[in-house]
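Summary of the model geometry
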Amino acid sequence: MKPPPFAYHAPRDVGAALRTLAQVRGKVLAGGQSLIPLMNMRLAAPEHLVDINRIGSLSAIDATPAGVRVGALVRHSDAEHAGAHPLLTRALKLVAHPAIRNRGTVVGSLVHADPAAELPAVLAVLDGTVRLARWDGRAVEREVPAREFFVGPLESAVEPGELAVSAFFPALAPRTGTAFEEVARRHGDYALAGVCAVVTVDGDARVTAARVACVGVGPVPVVVDVTGACGGVDVPGASGGADVTGAFGEVDMTGASGSAAGGWAEAARAVQEETEPESDVHASAAYRRHLVGVLAERALRNAAREGAAARGA
Amino acid sequence: MEHEITLVVNGATRRVNVPARRLLSDCLRHDLGLTGTHVGCEHGVCGCCTVLLDGRPVRSCLTFAVTVDGQEITTVEGLAREGAPPRGLRSAGSAATGATGEGGGTERPSRPHDVEEVKPALSPVQRAFAECHGLQCGFCTPGFLCTVTAFLRDNPAPSDDEIVEGISGNLCRCTGYQNIVKAVHRAAELLAEET
Ligand SMILES: Cc1cc2nc3c(=O)[nH]c(=O)nc-3n(C[C@H](O)[C@H](O)[C@H](O)COP(=O)(O)OP(=O)(O)OC[C@H]3O[C@@H](n4cnc5c(N)ncnc54)[C@H](O)[C@@H]3O)c2cc1C
Ligand code: FES
Ligand code: FES
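Structure report, in brief. Nothing here was measured: the structure is a model prediction, and the numbers come from that model.

1. Some details on the pattern of salt bridges
Any two side chains of opposite charge can pair if their charged atoms end up close together. Residue and element names in this part refer to chain A. Counting across every chain of the model gives 25 salt bridges over all chains. In this structure, the salt-bridge partner of Arg147 is Asp127, at a minimum N-O distance of 3.2 Å. One end of the pair, Arg147, is in helix H8 (residues 146-149); the other, Asp127, is in the loop between helix H7 (118-125) and strand E6 (129-135), with 20 residues separating them in the sequence. Across the pair Glu143 and Arg131 runs a salt bridge, and its minimum N-O distance is 2.8 Å. One end of the pair, Glu143, is in strand E7 (residues 139-145); the other, Arg131, is in strand E6, and 12 residues separate them in sequence. Among the residues examined, Glu143 registers a relative accessible area of 35% and is labelled partly exposed. Looking at Arg131, the relative accessible area reads 23%, which means it is partly exposed. A network of salt bridges, in which partner residues are shared, links Arg69, Arg131, Glu141 and Glu143.

Encoded structure:
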């Protein structure tokens, strides 16, 4: 249970990190909360580690009206407390335990690309991007959209020699709500299945756009646009105007209006059809498929309700 | 290759030579002789090895000592110095102070700033664990004490749910957690009385 030996590099700025990565093709060490367990269990044995923990410029959280850019050294807990993006903040509370969130980084979680991890789904549902850099006589950058970034289980688009310098989470449109619903064996464990939803409503609280991303039910986050299934649906409880805050946060299982229940259920079925869950020791494929349907409906309703409540704001 | 690093451990500056692969948990235990930090799973799940890094709880088994060169670390041995006026209860279980057996017979580095010589009072969190029977075998206790110390600093009057969430990353095989939750409430009371 001890990590194998490696050559250690501790660059102090991004340029030095990129030059080192170009030379040694080592692994990047960020928070270490996924890499060090793998090394302790001898499932990974990198010859060179390039530790980015001393590169202060990578700790920036940059919020603009367009969205929030999170540097590669921003820890889960820093991003959570900064509250820079509502869906990111919500998802971070579901990631591991406080002590792990104090070290693990947002960008590290994206690069690690665990199919059950929450943050890749957040980036995917928002159509965010990851900025990668490498050294080619000078720093060369490329911006990779989420749908190209997640390649397979534990596989992202980061090439050997590349450093992920930041990730960009686009801001929500007006009158938009979000939700992240998941089922895990114990709080803080990786989820058996999870769904995050982003729903936009119009001035009359009718759904105009709805997207979900699912975790744990495919090799990469499964993004499904369900606007076709639930577009135009009246958000239950929102018809009275802006005073829906009382209902916000509760899970409405009754389907307050017939058409709405039909719309959400149809959307949930559409989501189930897009997923390819697998069986493992934690849950069967059939159970995961069941979960993803229930969670999709719940997440869509809660996101819609939050969007409707935001109309007054 | 060895790296010379400087860690400020429980207020004392310690300089050590370590290979890059030395886990912070092993650096504390083997290089610095501070065996109060326990090691259970070495992959981040059990929480026994939790220490405070610049005041925030982290897994010392998922941190390389070289990475935290120059930073401040508080282990269970250092919690007492954060405590308030001396009171009794010195005998309240060695795990609560971290003063466990030092792996008898093996060579032990000299410790110029040996905390035991100072005989500090237990911290309010340590006293609460002793009072409420928040420990049995004590293996998990150092991790709980560090976690709870930081938790109560951020949230001085937590609800039951918040406590359960706060300690969710620490496993205990003995107590069934009920007395640990009680101890956290009691520690919050003691801290409130003393400030
Ligand atoms: C007990 C436990 C429970 C956990 N539970 C959850 C959970 O419920 N949900 C969840 O999402 N995660 C969970 N995690 C993982 C945690 O979120 C990790 O912090 C995260 O996955 C990786 O971030 P890191 O900064 O620690 O990356 P590291 O471990 O440092 O790196 C992970 C991988 O990404 C690469 N990498 C990291 N940063 C960069 C970069 N900037 N550029 C290029 N490559 C890079 C590394 O080379 C490595 O291959 C858990 C971890 C533990 C130990
Ligand atoms: S020994 Fe570090 S978490 Fe178990
Ligand atoms: S007291 Fe024995 S493991 Fe917690």
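Next comes the rest of the account.
2. Observations regarding the packing of aromatic side chains
Residues and elements named next belong to chain A. Under the definition given, this model contains two aromatic pairs over all chains. A centroid spacing of 5.2 Å and a plane angle of 85° characterise the contact between Phe149 and Phe150, whose relative ring orientation is edge-to-face. Phe149 sits in the buried class, given a relative accessible area of 0%. A cation sits over an aromatic face here: Arg19 above Trp135, 4.9 Å from the ring centre.

3. A few points about the nonpolar core
Residues and elements named next belong to chain A. Ranked by size, the top nonpolar core spans 52 residues in total, and within it Leu110 and Phe169 carry the most contacts. Considering each element in turn, this core owes the most residues, six residues, to H7. With 34 residues, the next largest nonpolar core counts Ala197, Ala267, Ala268 and Ala308 among its residues.

Analysis parameters
Residues numbered from 1 in each chain as written. Chains lettered and ligands numbered in written order. Predicted model: local features only at pLDDT ≥ 70, side-chain atom pairs only at ≥ 80, totals over all residues. Heavy atoms only, no water. Salt bridge = Lys/Arg side-chain N within 4 Å of Asp/Glu carboxyl O. Helix = DSSP H or I, 4+ residues; strand = E, 2+ residues; numbered from the N terminus. Buried < 20%, exposed > 50% of the residue type's maximum accessible area, 1.4 Å probe, protein only. Phe/Tyr/Trp six-rings, centres within 6.5 Å; stacked < 30°, edge-to-face > 60°. Lys NZ or Arg CZ within 6 Å of the ring centre and 35° of its normal. Core = buried A, V, L, I, M, F, W, Y, C linked by side-chain atoms within 4.5 Å.

Purely spatial values, then, with no claim about function.
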